[in-house]
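# Secondary and tertiary structure notes
Each chain is listed here by its residues.
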Amino acid sequence: MTTLDARPRAGTTLRFPDHFRWGTATAAYQIEGAAGEDGRAPSIWDTFSHTPGKVRNGDTGDIAADHYHRVSEDIALMRELGVTDYRFSIAWPRVQPAGRGPVVQKGLDFYRRLTDELRRADIRPVATLYHWDLPQELEDAGGWPNRETAYRFAEYAGLAAEALGDRVATWTTLNEPWCSAFLGYGSGVHAPGRTSAVDALRAAHHLNLAHGLAVRALRGTVPDAAEVSLTLNLHSLRARSESPRDLDAVRRIDAVGNRIFLDPVFRGRLPDDLVRDTAALTDWSFVRDGDLRTAAAPVDSLGVNYYSPTTVAAGSSPAPSPWAGAERHVRFVSVPGPRTAMDWPVDADGLHGLLLRLRKELPDVPLVVTENGAAYEDYADPSGQVRDPERVAYLHAHLAAVHRAVEDGADVRGYFLWSLLDNFEWSYGYSKRFGIVHVDFPTQRRTFKSSAHWYAAVIARGGLAL
Ligand code: FCB
């Protein structure tokens, strides 16, 4: 392990509010490994990654960053960074392997150890209950398109809250339900890899329902001081032009990409235009009386994940598509400019715009940036150093955008950098590195990248040096 240089440098500072939370984020399947240990059963991501052709280079999360066996070392890294908070996810198939029935004590013990050690390091544990690793047995019973999965999730939320409620500071029900529904069941590029527009819509509704039921289960169990939240990957949308047809393309993607979650969760209703746009696919009769009221159980904050904006125009896009029919009316426009190794445009204004939209539409809901970061082609040079100036520039620009949003009145309480460690980047496997800590996977050696030194200095001074 390398040592960190976090000396605050001289110069003017863009200071963030006192008590602003500085964190890093990870997810269970992406870092833990130990896929078959201590009673953990397969999730949809184990099945998917072991299916030839689904993940680049045939990579799997079997070992990942071996975090399951390196918790203390990884917390020591965070301590050196000086983070105030750590966002991790609990693996449902580790805690309740079949997705129903009894919990596995050893699985729970892992998260007890993790949260105890975090507390000792004075780092607030921020736990996500679902970061995409559905127990395979529940997928075999129909997965998220099956209503029953929502009830199973609420039961698991209650069990996790009973076991860890005294040590988790913030509970997040779901991470990016858009990806679970539309990449998992629509385009099929994520597990479980199904391609049905109707199933994607059903899944989205059952995820909203699951969220609301889980909020209820959490509130009944955890102390009042614990926060309850949800993390969405809202699409920051731009129209190619101001023409009515291009603006209508934005409206369609906003409905099926954003308002399909925002409206049920914060207003207890479905967007009328979404129901109209999808009328040829479904009459939405899978939405039962009371479901939307359940989905709208109040939360303490909204987590916002942001990487890049999306520009759209009138036109059409190829299938299979995650957009539940909207692709027949919408073309995704590639804009010139810098890009990350994911080929995602670098554009921090999209984050500022998104935070201001939320300030306007949900003025009473505190916001937390629960993921932001970038993949670049990192490597250790002959002296063992990993220099990632592009990532530093990306992070600087995005934190400056958050600062600007705060100045413009957005109630942003914290920022979680994705990610602490290089990890299993879903269908890209280990080919994309998002960490500020480099992981040499064959040896599992961790090395701070320049961005880690930079982030430690930002945290130490409570803001950005100009
Ligand atoms: C988000 C996911 C996270 C990570 C980043 C790059 O969509 O929540 O797990 O893969 O993208």
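Residues numbered from 1 in each chain as written. Predicted model: local features only at pLDDT ≥ 70, side-chain atom pairs only at ≥ 80, totals over all residues. Heavy atoms only, no water.

## A closer look at the packing of helix α13 (residues 349–361) against helix α14 (residues 389–407)
- In the contact formed by α13 and α14, the axes pass within 8 Å of each other and the chain directions differ by 30 degrees. On the basis of the axis angle, α13 is roughly parallel to α14. α13 and α14 meet at a crossing whose hand is right-handed. Taken together, the residues of α14 that come into contact with α13 (itself represented by Asp349, Leu351, His352, Leu355 and Leu356) are His398, Ala401, Val402, Arg404 and Ala405.
- By residue class, the composition of the contact of α13 with α14 is 6 nonpolar, 2 polar and 2 charged. (Axes fitted to C-alpha atoms, helices over the stretch in contact; angles between N-to-C directions. Helix = DSSP H or I, 4+ residues; strand = E, 2+ residues; numbered from the N terminus. Parallel < 35°, antiparallel > 145°, perpendicular 65-115°, else oblique. Left-handed = near helix turned anticlockwise from the far one by under 90°. Contact = heavy atoms within 4.5 Å. Nonpolar A, V, L, I, M, F, W, Y, C, P; charged D, E, K, R; others polar.)

## Quick notes on unusual backbone geometry
- Between Ala319 and Pro320 the backbone carries a cis peptide bond, its omega angle lying at -5 degrees.
- Along the chain, Pro320 falls in the loop between β9 (310–314) and β10 (330–333).
- Cis rather than trans, the peptide bond between Trp418 and Ser419 has omega equal to 10 degrees.
- Relative to the helices and strands, Ser419 is located in the loop between β12 (412–418) and β13 (437–440).
- Phi angles above zero are rare outside glycine, and Ala34 is one such case at about 50 degrees.
- Counting through the fold element by element, Ala34 comes out in the loop between α1 (28–31) and α2 (44–49).

## As for the site of the ligand
- Contacts to the ligand come from Gln30, His131, Trp132, Asn175, Glu176, Tyr307, Glu371, Trp418, Glu425, Trp426 and Phe434.
- Within the side chain of Gln30, one N or O atom sits 2.7 Å away from an oxygen atom of the ligand.
- Take Asn175: an N or O atom from its side chain is 3.0 Å from an oxygen atom of the ligand.
- Coverage of the ligand by the protein chains reaches 94% of its 290 Å² of free accessible surface.
- Split by residue class, the shell around the ligand holds 5 nonpolar, 3 polar and 3 charged. (Near = heavy atom within 4 Å. Polar contact = N/O pair within 3.5 Å; in protein donor to acceptor, adjacent residues only side chain to side chain. Areas by Shrake-Rupley, 256 points an atom, 1.4 Å probe, with all protein chains shown as cover.)

## Re helix α10 (residues 244–267)
- For α10, with 24 residues, the first-to-last C-alpha span of 27 Å runs short of the 34 Å given by 1.5 Å per residue.
- Its maximal kink placed at Arg259, α10 deviates by approximately 60 degrees.
- Among the 24 residues of α10, 17 are classified as buried, and the element is accordingly described as predominantly covered. (Expected span 1.5 Å × (residues − 1). Bend = angle between axes of the 7 residues up to and from the residue. Buried < 20%, exposed > 50% of the residue type's maximum accessible area, 1.4 Å probe, protein only.)

## Here's the deal with the sheet that holds β9
- Read from one edge to the other, the open sheet built from 3 strands follows the order β7-β9-β10, with strand pairing classed as mixed. Strands with a single pairing partner mark the edges of an open sheet, and in this sheet they are β7 (237–239) and β10. On average, each strand axis in the sheet is tilted by 40 degrees relative to the strand beside it, whichever way the strands run.
- Across 4 bridges, the pairing between β9 and β10 is antiparallel. (Pairing = 2+ DSSP bridges.)

## Looking at the pattern of salt bridges
- Per the stated rule, a full pass over the model turns up 40 salt bridges.
- The salt bridge involving Arg70 is made with Glu73; its shortest N-O contact spans 3.7 Å.
- The class of Glu73 is partly exposed, set by a relative accessible area of 25%.
- In this structure, the salt-bridge partner of Lys449 is Asp422, at a minimum N-O distance of 2.8 Å. Taken as a pair, Lys449 in the loop between β14 (445–448) and α15 (450–461) and Asp422 in the loop between β12 and β13 lie far apart in primary sequence, 27 residues in all. The pair formed by Lys449 and Asp422 is uniform in burial state, with each residue classed as buried.
- Through salt bridges with shared partners, one network takes in Asp248, Arg251, Arg252, Asp254, Arg259, Asp273, Asp277, Arg357 and Glu361. (Salt bridge = Lys/Arg side-chain N within 4 Å of Asp/Glu carboxyl O.)

## Examining the nonpolar core
- With 151 residues, the main nonpolar core has Trp171 and Phe182 as its most contacted residues.
- Element by element, the count of residues in this core is highest for helix α9 (residues 197–219), at 11 residues. (Core = buried A, V, L, I, M, F, W, Y, C linked by side-chain atoms within 4.5 Å.)

## Some remarks on the pairing of strand β8 (residues 301–305)
- For β8, the tally of buried residues reaches 5 of 5 residues, placing the bulk of the element in the interior.
- Every second residue of β8 is oriented toward a common face, with Ser301, Gly303 and Asn305 on one face and Leu302 and Val304 on the other, all of them buried.
- The pairing of strand β6 (residues 227–232) with β8 spans 4 bridges and is classified as parallel. Bridge pairing in β8 places Thr231 opposite Gly303.
- Across 4 bridges, β8 lies against strand β11 (residues 367–372) in parallel orientation. Bridge pairing links Val304 to Val369 in β11.

## Points about the sheet that holds strand β3 (residues 85–89)
- Pairing is parallel in the closed barrel, where 8 strands are placed in the order β2-β3-β4-β5-β6-β8-β11-β12. Pairwise comparison of adjacent strand axes, ignoring direction, gives a mean angle of 25 degrees for this sheet.
- Seen against the sheet, α9 touches β4 (124–130), β5 (170–175) and β6 and runs at an angle of roughly 165 degrees to β5.

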